[in-house]
Amino acid sequence: MATVINVEPLIKLTSEAFYQLCLTNPDIPMEKSPQGDLIIMPPVGGESGNREANLTIKLGIWNLQYKLGQVFSSSTIFKLPEGGDRSPDVAWVSQEKWDSLTLEEKKKFPPVCPDFVIELRSESDRLKPLQEKMKEYLNSGLRLGWLINPQDGEVEIYRAEKPVEVLKIPCVLSGEDVLPNFELEMDING
């Protein structure tokens, strides 16, 4: 379970201060909420790490074929327009959006919301904070997102200006018009 620390009594944790904090502590995976709370992320176990890697590989193979954008691992932190600094398990940014950034913005935490994200619930994750994080992405410009919840055998699909759709696993997920021709078969093994 992530540890949330309210640092407001000591310091206002701006995006720049958070960036410097991450550089100073590279071995501690962190995020920052839009309210400025520091979120320390726990490591994942072997099953979750393997699932996450396979999701990144599958999206990466699709992206190599279609060349429509850039794929990012869970180590990438995005500076979201709504104020949070978040690290999705898997992320994709359209080439047009990526090309609009300066070289300096690309080197730091990119100040964009990914067009597509996957959040994979690990054994240590509580569902509600992940759902809130998905809503934060939507509020920041996310076009399509999947919250994969192996514990409950479900996938929640988040789309801009639409209600959340819940599918039971096994299912086939579609990249829709965001990731044309991308499909992901979900089964109980991830």
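Remember, predicted model here, so these are calculated numbers, not experimental data.

K.L.:
Looking at this structure, I do not really get the overall build of the chain. What am I missing?
P.N.:
Broken down by element type, the chain carries 5 helices and 13 strands. Taking 16 Å as the expected radius of gyration for a compact globule of 190 residues, we find that the chain reaches 16 Å, a close match to that expectation. For the chain, the C-alpha atoms occupy an extent of roughly 45 × 35 × 30 Å along the three principal directions. The 190 residues of the chain split such that 44% are buried. Surface exposure of the chain reaches about 10,100 Å², of which carbon and sulfur atoms provide 53%. One way to put it: in the chain the 20 positive side-chain charges average out to a point 2 Å from where the 30 negative ones average out.

K.L.:
Help me understand the pairing of strand E8 (residues 116–120), please; the structure alone is not making it clear to me.
P.N.:
Two faces, one strand: in a regular strand the side chains alternate between the faces of the sheet. Extensive coverage of E8 is indicated by the burial of 5 of its 5 residues. In this structure, E8 lies alongside strand E9 (residues 144–149), joined through 5 bridges in parallel fashion. Paired with isoleucine 118 across the two strands is tryptophan 146, which belongs to E9. One crossover worth recording links E8 to the parallel E9 by way of helix H5 (residues 127–140), and it is right-handed.

K.L.:
Sorry, what's going on with the pairing of strand E13 (residues 183–186) here?
P.N.:
The two faces of E13 differ: Leu184 and Met186 on one face are buried, but Glu183 and Glu185 on the other face are not. Where strand E12 (residues 171–174) meets E13, 4 bridges bridge the pair, whose relative direction is antiparallel. Along E13, the bridge assignment pairs leucine 173 with leucine 184.

K.L.:
How should the nonpolar core be read in this particular structure?
P.N.:
General note: in soluble globular proteins, nonpolar side chains tend to be found buried as a group. With 21 residues, the main nonpolar core has Phe116, Trp146 and Val155 as its most contacted residues. Of all the secondary-structure elements, those providing two or more residues to this core are helix H2 (46–66), strand E7 (90–94), E8, E9, strand E10 (154–159), E12 and E13. In this view, valine 155 contacts Trp146, Leu147, Ile148, Glu165, Val166, Leu167, Ile169, Cys171, Leu173 and Met186; residues no more than four positions away in its chain are not counted.

K.L.:
What should I look at first to understand helix H1 (residues 15–24) in this one?
P.N.:
Every α-helical turn comprises 3.6 residues, leaving residues that sit three or four positions apart pointing alike. Of all the positions in H1, only Ser15, Phe18, Tyr19 and Cys22 are classed as buried. Down the axis, H1 shows its buried residues gathered within 105 degrees of arc, on one side only. Among the structural elements, strand E2 (30–32), strand E3 (38–40), strand E5 (78–79), strand E6 (85–86) and helix H4 (103–107) are those in contact with the buried residues of H1.

K.L.:
So what exactly am I meant to see when it comes to the sheet that holds E10 here?
P.N.:
Backbone-to-backbone hydrogen bonds pair the strands of a sheet. The strands run either parallel or antiparallel. The sheet built from 6 strands is open, its strands ordered E4-E7-E8-E9-E10-E11 with mixed pairing. Because the sheet does not close on itself, it has two edges, and the strands there are strand E4 (69–72) and strand E11 (165–168). Averaged over all adjacent pairs, the angle separating strand axes in this sheet is 15 degrees, with direction ignored. The pairing of E4 with E7 spans 4 bridges and is classified as antiparallel. Residue pairing in the sheet places phenylalanine 72 in a bridge with alanine 91 of E7. The strands touched by H2 are E4, E7, E8 and E9; relative to E7, the strand with the most contacts, the crossing angle is about 20 degrees.

Parameters and conventions
Residues numbered from 1 in each chain as written. Predicted model: local features only at pLDDT ≥ 70, side-chain atom pairs only at ≥ 80, totals over all residues. Heavy atoms only, no water. Helix = DSSP H or I, 4+ residues; strand = E, 2+ residues; numbered from the N terminus. Rg over C-alpha atoms; globule rule 2.2 N^0.38 Å. Buried < 20%, exposed > 50% of the residue type's maximum accessible area, 1.4 Å probe, protein only. Areas by Shrake-Rupley, 256 points an atom, 1.4 Å probe, with all protein chains shown as cover. Lys, Arg positive; Asp, Glu negative; His and termini not counted. Charge placed at Lys NZ, Arg CZ, Asp CG, Glu CD. Pairing = 2+ DSSP bridges. Right-handed = clockwise from strand over helix to strand, strands pointing away. Core = buried A, V, L, I, M, F, W, Y, C linked by side-chain atoms within 4.5 Å. Contact = heavy atoms within 4.5 Å. Arc of directions from axis to C-beta. Axes fitted to C-alpha atoms, helices over the stretch in contact; angles between N-to-C directions.

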